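So you can see what is in the structure, the chains are spelled out below.
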Amino acid sequence: MNFDDLLNKQHLFFDTQSTKDLKFRKQQLKKLKQLLIANESKLNEAVYKDFKRSSKENLVLELYPMYKTIKTILRKLDRWTKSTKVSTNILNIPAKSYIKKEPLGSVLVIGAWNYPIQLSLLPAIYAISAGNTVIIKPSEIPSHTSKVITELINSNFDEGFLKVVEGGIPETTALLNLKFDKVFFTGSTVVGKIVYQAAARNLTDVTLELGGKSPAIFTKDANLKMGVKRLVWSKYLNAGQTCLAPDYVLVDESIKERFLELVYKEIEQHNYSIHNENYVQIIDNKNFKRLEGLIDKDKVSFGGETDENERLIYPTVMTDITLEDKIMSEEIFGPILPVLSFNNLDEALHVVKQFEKPLSLYLHTKKRNIKRKILNEISFGGGCVNESVMHYTNSELPFGGVGHSGIGSYHGKFGFDTFSHQKAIMDKPSWFELNLKYYKRTTTKVKLIKALILSMFRY
Ligand code: NAD
């Protein structure tokens, strides 16, 4: 496929101004939703073939949240697209000032494999809502899902408006050489840097949704039962292949034994294992091998079994972990939970600060001063107090990282804004002019300007 031609088609489509029509955007979003609903079983089957995620799990994790997003957008789009009036400074009176929301143009969305439908389509949904044309490059690793998404989109939408391009590194590299108006990337920090550099060559705006080592901290006053229940679910969901899953635990030494007992019990009770139809495979052999290599048998206190033929890694807990252990050297992205302990909170803070700013942080405590201290001192993308992962589901909160865990955010209005330009407009009538700004700069004029700027004007 000639990507230059494709992007030209998208530029031409954008120039028709069709995407600026709200009715058009809404129609396309409705059409996409209907298409997904009509093809649920095809999508479910494809994801199952890729890593044995069950249909029920797929509906709950991927499809229903997207339907809800489209529903919310349809309800709020009129409001989001309205220009925002702002006040005008006295120097410019009489004038009107406002911010006009403008689409950026042609957007490239690059998806990751772990939530293969949502991570390709959700950014595209927001891009469409903001009036852009979109090219989606889904992850090539869940190949069945990528194929179904491609068939569905490419046979139902004008390629000048929305097109899926399948492929791996060569195709993504070729796409990144083109001059898009925005690149929205979800994936690893390593590839995020490649994307950022490529976009910089064209001065293209980027949003980078990356990963990192997200900690869960349990202080001695925490509600352990509830905290552990929430932690275990979020860690082993999708077999740990969730960007914002708790990567490792920091637990107060005095409650460590009780904490571990509860973790083991929770895993067993809810059957987070191959016997649970919702427990998924590791996505591919490369990741399976990588994860196996992170398991230090001497430090496994629970689980540790693996099945290479089935690409399964049982929910595993590792204890007596130090920062020197291999498991602490990279984002885990699998069902292995290393547990570290601390004797005072500063020790825990010290550990978290050894790593780049994480995508998430989960703090389990009832104490206000501890909440204040951790939330003030540690920089992270977003997170929860006494919960795990669920902040992702609140579209009133921006979702994104900071530093090495990402640039920019989306979800809800933040998603719309991510794909919009805020065009600043001052609209002034011609019947009045203060004349102060014009030459000559006489001493009196300068004094007057100084007085006006420094004392009277909102500037
Ligand atoms: P990845 O970076 O390997 O791949 C992501 C995308 O980039 C894929 O579409 C792939 O084809 C493309 N790609 C890979 N190598 C490339 C290269 N050299 N040049 C150009 N393009 C390239 O990431 P992944 O393995 O698919 O996903 C796992 C990572 O993504 C984890 O780090 C995880 O934390 C992160 N992630 C983040 C979020 C988020 O919302 N913040 C969501 C899911 C995953």
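Higher on the page you've got the structure.
Residues numbered from 1 in each chain as written. Predicted model: local features only at pLDDT ≥ 70, side-chain atom pairs only at ≥ 80, totals over all residues. Heavy atoms only, no water.

Draft legend 1. Representation of the sheet that holds strand β6 (residues 182–186) within the structure. Pairing in this open sheet of six strands is mixed, and the strands run β5-β4-β3-β6-β7-β17 from one edge to the other. Of all the strands in the sheet, the pair left with one neighbour each is β5 (162–164) and β17 (406–407). Alignment of β6 against strand β7 (residues 205–209), held across five bridges, turns out to be parallel. When the bridges of β7 are listed, T186 appears paired with E209. Sitting on the sheet, helix α5 (residues 118–129) touches β3 (106–110), β4 (133–137), β5 and β6, and the angle it makes with β4 is about 170 degrees. Across the face of the sheet, helix α8 (residues 189–201) comes into contact with β3, β6, β7 and β17 while running at roughly 175 degrees to β7. (Pairing = 2+ DSSP bridges. Helix = DSSP H or I, 4+ residues; strand = E, 2+ residues; numbered from the N terminus. Contact = heavy atoms within 4.5 Å. Axes fitted to C-alpha atoms, helices over the stretch in contact; angles between N-to-C directions.)

Draft legend 2. Layout of the nonpolar core. Ranked by internal contacts, the top residues of the largest apolar core, which has 113 residues, are F218, V249, L250, F259, V263, V317 and I374. Among the elements that line this core, the one with the most residues is helix α4 (residues 55–81), at nine residues. Both domain 1 (3–210 + 409–421) and domain 2 (215–399) contribute no fewer than three residues apiece to this core. For F218, the residues in contact, after removing those within four places along its chain, are L224, G227, V228, L231, V249, L250, V251, D252, I255, F259, F342 and H364. With 19 residues, the next largest nonpolar core counts I110, L178, A199 and L210 among its residues. (Core = buried A, V, L, I, M, F, W, Y, C linked by side-chain atoms within 4.5 Å. Buried < 20%, exposed > 50% of the residue type's maximum accessible area, 1.4 Å probe, protein only. Domains from an automatic or database assignment.)

Draft legend 3. Structural detail: the environment of N287. Within the fold, N287 resides in helix α11 (residues 285–294). Under the relative-accessibility criterion, N287 is labelled buried at 13%. Taking the C-alpha atoms as reference points, N287 and Q422, separated by 135 residues in sequence, lie 41 Å from one another. Residues in contact with N287, not counting those within four places in the same chain, are W113 and I282.

Draft legend 4. Quick peek at the side chain of S405. Assignment of secondary structure puts S405 in the loop between β16 (382–385) and β17. Judged by relative accessible area, S405 falls into the buried class, the value being 0%. In terms of polar contacts, S405 uses its side chain to reach the backbone carbonyl oxygen of K357, at 3.1 Å. Polar side-chain contacts of S405 include one of 2.9 Å to the backbone oxygen of V402. Contact partners of S405, with chain neighbours within four places excluded, come to L208, E209, L210, G211, K357, P358 and L359. (Polar contact = N/O pair within 3.5 Å; in protein donor to acceptor, adjacent residues only side chain to side chain.)

Draft legend 5. Structural context of the site of the ligand. Around the ligand there are 25 residues in total, and G111, E140, S188, L210 and E331 lie nearest to it. Taking W113, its side chain carries an N or O atom lying 2.7 Å from an oxygen atom of the ligand. Between K137 and the ligand, the recorded distance is 2.8 Å, taken from a side-chain N or O atom to an oxygen atom. Protein coverage of the free-state accessible area of the ligand, which is 840 Å², stands at 89%. Those elements giving two or more residues to the shell around the ligand turn out to be α7 (169–176), β6 and α8. Considering only residue class, the shell around the ligand consists of 13 nonpolar, eight polar and four charged. Both domains that furnish three or more residues to the shell around the ligand are identified here as domain 1 (3–210 + 409–421) and domain 2 (215–399). (Near = heavy atom within 4 Å. Areas by Shrake-Rupley, 256 points an atom, 1.4 Å probe, with all protein chains shown as cover. Nonpolar A, V, L, I, M, F, W, Y, C, P; charged D, E, K, R; others polar.)

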